[in-house]
Amino acid sequence: KLDIACGGMHYAIVQAQAVGLTLEPAHGKEICRRGEMIKVAAREQHPVSHPELDYPGCDILVFREPTRRLPDGRPHARNCVVMSNNELDWARPETWTGMIDRSPCGTGTCAVMAAMHARGELRLGEEFVHESIVGSRFVGRLLEEVTVGEGEEKVDAVVPTISGRAWITQHCTVVVAPSDP
């Protein structure tokens, strides 16, 4: 059982304990293996597309723990986002790998909040605290309900906002030569 929601990317959203996972860094390899397999199976069995953009999914996965209330009453959940690092081939187990996002993930937090709202678990304006597998936190809030797309492609959506901290991990310069085709 999983939810599929778009928060900038199409996420498969899976309760970690439903697939026997504990969201701890020591279990990273297994989290990645199962996450990639579930994501690819979701994409194959439940393809989705954005109503206005040429953007199919699922293309990323977030494992979650159950939502709990913090002492101040805000909903809180731990998560782990699994990203692809190659193309999964069902016949080649060595390709059943991925990478873990050390942050709670902005697009992932938005997708989780959208799914929670659709299930009646998060109200507009209510702060949601999303914590990564390494303990970093984002705080999100849904500002309003909107409609995206037109006609039969129309879907209900929400407008999120996120706050948190980030650290610079790299400086680089990208150069494009005018003669490069």
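Scroll up to find the structure.
Reference entry: report on the structure contained in this document.

Reading the values: rules and limits
- Every chain is numbered independently, its residues counted from 1 as its sequence is written.
- Predicted model: local features are reported for residues with pLDDT of at least 70 only, side-chain atom pairs are reported and counted for 80 or more only, and whole-chain, interface and lining totals are derived from all residues.
- To get the side-chain values, all heavy atoms of the structure are used, and hydrogens and water are removed first.
- Here a salt bridge means any side-chain nitrogen of Lys or Arg lying within 4 Å of a carboxyl oxygen belonging to Asp or Glu.
- Secondary structure elements follow DSSP: runs of H or I of four or more residues count as helices, runs of E of two or more count as strands, with numbering from the N terminus.
- Points on a 1 Å grid, built from protein atoms alone, make a cavity when a 1.4 Å probe fits but cannot get out and make a pocket when they are open with protein on both sides within 12 Å along at least 5 of 7 lines; residues with an atom within 4 Å of a point are the lining residues.
- Grid points are joined across faces, edges and corners, and a volume is the space filled by probe spheres set on the points.
- Amino acid classes used here: Ala, Val, Leu, Ile, Met, Phe, Trp, Tyr, Cys and Pro are nonpolar; Asp, Glu, Lys and Arg are charged; the rest, including Gly, are polar.

Notes on the pattern of salt bridges
Part 1 of the reasoning: Tallied over the entire structure, the rule returns 13 salt bridges.
Part 2 of the reasoning: Of the charged contacts in the structure, one is a salt bridge between arginine 33 and glutamate 30, with a shortest N-O distance of 2.7 Å. Here arginine 33 and its partner glutamate 30 are both found in helix H1 (residues 28–45), three residues apart, which amounts to about one turn of the helix.
Part 3 of the reasoning: Of the charged contacts in the structure, one is a salt bridge between glutamate 131 and arginine 78, with a shortest N-O distance of 4.0 Å. Residue glutamate 131 is located in strand S9 (residues 128–131), and its partner arginine 78 is located in strand S7 (residues 75–83); the two are separated by 53 residues in the primary sequence.

A few points about unusual backbone geometry
Part 1 of the reasoning: Cysteine 58 follows glycine 57 through a cis peptide bond whose omega is 5 degrees.
Part 2 of the reasoning: Structurally, cysteine 58 can be placed in the loop between strand S4 (56–57) and strand S5 (60–64).

Here's the deal with the layout of surface pockets
Part 1 of the reasoning: Taken as a whole, the largest pocket encloses approximately 600 Å³ of empty space.
Part 2 of the reasoning: Cys6, Ala114, Val155, Asp156 and Ala157 are, among the 22 residues lining the largest pocket, the residues nearest its centre.
Part 3 of the reasoning: For the lining of the largest pocket, the secondary-structure elements that each account for two or more residues are strand S1 (3–6), strand S3 (48–49), helix H2 (106–118) and strand S11 (155–164).
Part 4 of the reasoning: Looking at the lining of the largest pocket residue by residue, the class counts come to 14 nonpolar, five polar and three charged.
Part 5 of the reasoning: Taken together, 13 residues line the second largest pocket, and the ones lying closest to its centre are Lys1, Asp3, Ile13, Gln15 and Arg119.

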